[in-house]
Amino acid sequence: MVAVLRPSISPTTPRTYLFPEALENYAVPTEPIGLSLVADIDQGAPPSVEMVVAMRGDPFLVSLGLLQLRDDGFRPISIVAIGAESPRNIRALAFDRAFPATPLSGERKGVFIVHETDIDSSTERRLSTLLVAPGAGSEPPRLLPPDAGNTVGFGIENLVGGNFHEISVTSGRAKLDLALAQRAPDEIVLIKNDGFGGFPAFSNRLPFAGLLPDSLTLLPSPPSTPPQFDRLLFCGNDSRVGVWLRDEPTPDPGPELPDALSPPVWPGVTLSDRTRLQVGDVDGDGHPDLVVLLSVTPPAPSEGGARLALLRGGKVVTAADPFPFHMPTTLTPVHGNASSITLGDFRNAGTGQPRRLELAVAVPVGTTATAQDGNHVRFFRYVAGASPQDDHFEPSAVPNETQVLVAGSAPTLIVSGDFDRDGLVDLLLACEADNTLRLFRNTAPVTIVPGHVDVGAFEEGLTSPRPLAPGMPTALRLSDVNGDGSLDCVVWVEFTSTSGVRSTTVASYLSSGAGEFVGPRFASPTRIGNRDATLSGDLGDWNRDGLPDLLLGWNTSAIPNDINLRVMFGGTR
């Protein structure tokens, strides 16, 4: 029971308190009260008084409640969204400043709770911060969950981090906002970060019929003063490529339209969600270019069954033609089972040479189960045409030398980076059939002579391969996870049991900076919300602390109170 005892003030007698009337009592449902905290938590005007109520012991349904003092006593205004974890045995509550003021936002208050939580069959003692989100207008305040998780109301088919709002681009941090892709309706929805790692609200949205969710890709803004918003690139199943820059104002006044939309890149075909986009300065002219792996449906699992498209950037846009890339006249055939692409200076151009990027393509399986045209990585180089529209890729390997890089069994995902700090671009692959993470160091000499990629110069690292969890790798991301200056990686792997039940593991691998990885170090299945569904993800600095956070989205929506958007802050197990 929560009761209000109003004071009886008399100048001649000591202060006493009146017995509460019936309306001034509020019966807390189901569980008894353990602790409570009273404060003006949203610091609003006019000031109001809120009460945070913590339930005793091991509550079955609700751990915390939020009440507000009104004329007839305390009344509930919300149940606190705990997120991925439900605290129990709450020991203490406190209210204080969580973040200082910034040039774009005022001081943020928070409710701090000391509690226990059950994680992966063990009990942890934790200090959690619930940021206060003031209500808009007459709406009451909310307490945001400590893990930034929330229910978005639709299945998340893909998730990409970026900076799409003023508070994000001004902070100078990497990937503070989120773009979520969903199906039925085919739509991209933006999530605005409040600048403190909270989950305040949805922002703008872009419906696009035929959207291929896994094609959603970030087009980072170039360095500028003042900083600009990032844009998003995506592809439709009709091979049209779209560009979207969020419109003002926010919150979203209604559905938006793409800022630019190309004609079909590969006319007359229907693309599958295996289509992939990659941004990079392929020709070295200082403008970002776009590379597209065009995969068709139904699949064409043979040589030449897919295409590579190079859309040169640097195009002068006009009101009549706002698409910022040149439409290619030539598409390069590639194996229909190609699954992943990455750009890098694999030829090691020396001083005075234009830094042009080559393309590495992973082909996990061959035309048939016994064919020899799978289990490898092949390379392509940039070829300048008579005009930017005529630029394209061609296969690249030193003649009469190794033509493809044999890389484990079913190399499914590929990324590139300098993993041994020698200034050369190496390759990292996640292989499905043998459940391995494989590093191939680039040992080719730096050259000033234009030529082909020396495929045989890619040598597997001394500690490679590292084990992956069994299943199909679905995402491979690079970041400095532990802040030591070396490029680490995080791998998502989806496993399907013989009965058809899916589960996903997320594991990090730390780099020594000398071409070696250690790991895996698995994220908590409880905290990532492991379930029979598909998980997408990215890395970004959601709470501005300089450490990469795991941004996770599940494609579930029909489960009541389903926390299908989750953030695991850097440093959390």
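Chemist: Looking at this structure, I do not really get the overall build of the chain. What am I missing?
Modeler: In terms of helices and strands, the chain carries two helices and 41 strands. Sequence separation of 24 or more characterises 55% of the internal contacts of the chain that already satisfy a separation of 6 or more. In the form shown here, the chain has an accessible surface area of approximately 24,900 Å², with 55% of it arising from carbon and sulfur atoms.

Chemist: I would appreciate a short explanation of the pairing of strand β36 (residues 488-496) in the present structure.
Modeler: Remember that side chains alternate between the two faces of the sheet whenever the strand is regular. Among the nine residues of β36, seven are classified as buried, and the element is accordingly described as predominantly covered. Pairing geometry for β36 and strand β37 (residues 502-511), over eight bridges, is antiparallel. Within β37, the residue paired with W492 across the bridge is V506. Counting the residues between successive antiparallel strands, the hairpin from β36 to β37 contains five residues, one of them, G500, with a positive phi of roughly 90°.

Chemist: Which parts of the structure should I look at to understand the environment of G280?
Modeler: Along the chain, the position of G280 falls in strand β21 (residues 276-280). Judged by relative accessible area, which is 14%, G280 ranks as buried. It is 9.4 Å that separates the C-alpha atoms of G280 and T342, two residues lying 62 residues apart in sequence. Those residues in contact with G280 that lie beyond four places of it in its chain are P288, D289, L343 and L357.

Chemist: Explanation requested: the sheet that holds β37 in the structure shown.
Modeler: Strands belonging to one sheet form pairs held by backbone hydrogen bonds; the direction of such a pair is parallel or antiparallel. In spatial order, the strands read β35-β36-β37-β38; together these four strands make up an open sheet with antiparallel pairing. Either end of the sheet is taken by a strand with one partner, and the two such strands are β35 (472-479) and β38 (517-522). Between one strand axis and the next, the sheet turns through 25° on average, direction left out of account. Here four bridges tie β37 to β38, and the two strands are oriented antiparallel to one another. In the strand pairing of β38, S511 is matched with F517.

Chemist: Got a minute to help me understand the pairing of strand β25 (residues 340-344) in this structure?
Modeler: Most of β25 is tucked away, with five of its five residues classed as buried. Because side chains alternate across β25, one face comprises the buried residues S340, T342 and G344, and the other comprises I341 and L343, equally buried. By the bridge criterion, five bridges tie β25 to strand β26 (residues 358-363) in an arrangement that is antiparallel. By the bridge assignment for β26, I341 is matched with V361.

Chemist: Help me understand the pattern of salt bridges in this model?
Modeler: Oppositely charged side chains are able to pair whenever their charged atoms sit close together. Applying the stated rule across the entire model yields 19 salt bridges. Close ionic contact of R381 with E394 constitutes a salt bridge, the shortest N to O distance being 2.7 Å. One end of the pair, R381, is in strand β27 (residues 376-383); the other, E394, is in strand β28 (residues 392-395), and 13 residues separate them in sequence. For R381, a relative accessible area of 23% translates into the label partly exposed. Under the relative-accessibility criterion, E394 is labelled partly exposed at 24%. Put simply, D532 and R502 hold a salt bridge, and the shortest N to O gap is 3.2 Å. Note that D532 is positioned in the loop between α2 (525-528) and β39 (535-540) and R502 in strand β37, a separation of 30 residues in sequence. Assessed through its relative accessible area of 27%, R502 is described here as partly exposed. Counted as one network, the salt bridges with shared partners bring together D283, D285, D289, R312 and D391.

Chemist: Which parts of the structure should I look at to understand the sheet that holds strand β10 (residues 108-119)?
Modeler: With respect to topology, four strands assemble into an open sheet ordered β9-β10-β11-β12, the strand pairing being antiparallel. With one partner strand each, in any of the chains shown, β9 (88-99) and β12 (142-143) form the two edges of the open sheet. Pairing of β10 with strand β11 (residues 122-133), which is carried by ten bridges, proceeds in the antiparallel orientation. Across the sheet, residue V114 finds its bridge partner in β11, namely L127.

Chemist: Explain a nonpolar patch on the surface here, please?
Modeler: Taken together, V38, V49 and L69 make up a surface patch of nonpolar side chains, about 200 Å² in accessible area. By the secondary structure assignment, V38 is in strand β5 (residues 33-39). A relative accessible area of 47% means that V38 is categorised as partly exposed.

Chemist: I keep staring at unusual backbone geometry and nothing clicks. Help me out?
Modeler: Across residues other than glycine, the phi torsion is negative in most instances, and most of the peptide bonds are trans. With an omega of 10°, the peptide bond running from A184 to P185 counts as cis. Position of P185 relative to the elements: it lies in the loop between β14 (177-182) and β15 (187-192). Of the consecutive residues T297 and P298, the connecting peptide bond is found in the cis state with omega at -5°. As for its placement among the helices and strands, P298 is situated in the loop between β22 (289-294) and β23 (306-311). The phi dihedral of N375 falls on the positive side, at around 55°, and the residue is not glycine. Structurally, N375 can be placed in the loop between β26 and β27. By relative accessible area, N375 is classed as partly exposed at 31%.

Chemist: Honestly, the packing of aromatic side chains in this entry has me stumped. Any pointers?
Modeler: Both the distance between ring centres and the angle between the ring planes are used here to describe each pair of aromatic rings. Scanning the entire structure with this criterion turns up seven aromatic pairs. Relative to F234, the ring of F208 has its centre 4.9 Å away and its plane inclined at 65°; by these criteria the two rings are edge-to-face. Of the two residues, F208 is situated in the loop between β16 (201-207) and β17 (217-219) and F234 in strand β18 (residues 231-235); the sequence distance between them amounts to 26 residues. Relative accessible area serves as the criterion here: at 0%, F234 is assigned to the buried category. Considering the side-chain rings of F346 and F458, the 6.0 Å spacing of their centres and the 70° angle between planes classify their relative orientation as edge-to-face. Of the two residues, F346 is situated in the loop between β25 and β26 and F458 in strand β33 (residues 458-460); the sequence distance between them amounts to 112 residues. Neither residue differs from the other here; F346 and F458 are each classed as buried.

Chemist: Hey, could you run me through the side chain of D391 in this one?
Modeler: Take D391: it is sitting in the loop between β27 and β28. Using a relative accessible area of 1% as the deciding quantity, one classes D391 as buried. At 2.7 Å, the side chain of D391 and the backbone nitrogen of G385 are in polar contact. With near-sequence residues (within four places) excluded, D391 lies in contact with L310, R312, Y382, V383, A384 and G385.

Conventions we followed
Residues numbered from 1 in each chain as written. Predicted model: local features only at pLDDT ≥ 70, side-chain atom pairs only at ≥ 80, totals over all residues. Heavy atoms only, no water. Helix = DSSP H or I, 4+ residues; strand = E, 2+ residues; numbered from the N terminus. Contact = heavy atoms within 4.5 Å. Areas by Shrake-Rupley, 256 points an atom, 1.4 Å probe, with all protein chains shown as cover. Buried < 20%, exposed > 50% of the residue type's maximum accessible area, 1.4 Å probe, protein only. Pairing = 2+ DSSP bridges. Axes fitted to C-alpha atoms, helices over the stretch in contact; angles between N-to-C directions. Salt bridge = Lys/Arg side-chain N within 4 Å of Asp/Glu carboxyl O. Patch = residues over 30% accessible without salt bridge, like charges linked within 9 Å, V, L, I, M, F, W, Y side chains within 5 Å. Phe/Tyr/Trp six-rings, centres within 6.5 Å; stacked < 30°, edge-to-face > 60°. Polar contact = N/O pair within 3.5 Å; in protein donor to acceptor, adjacent residues only side chain to side chain.

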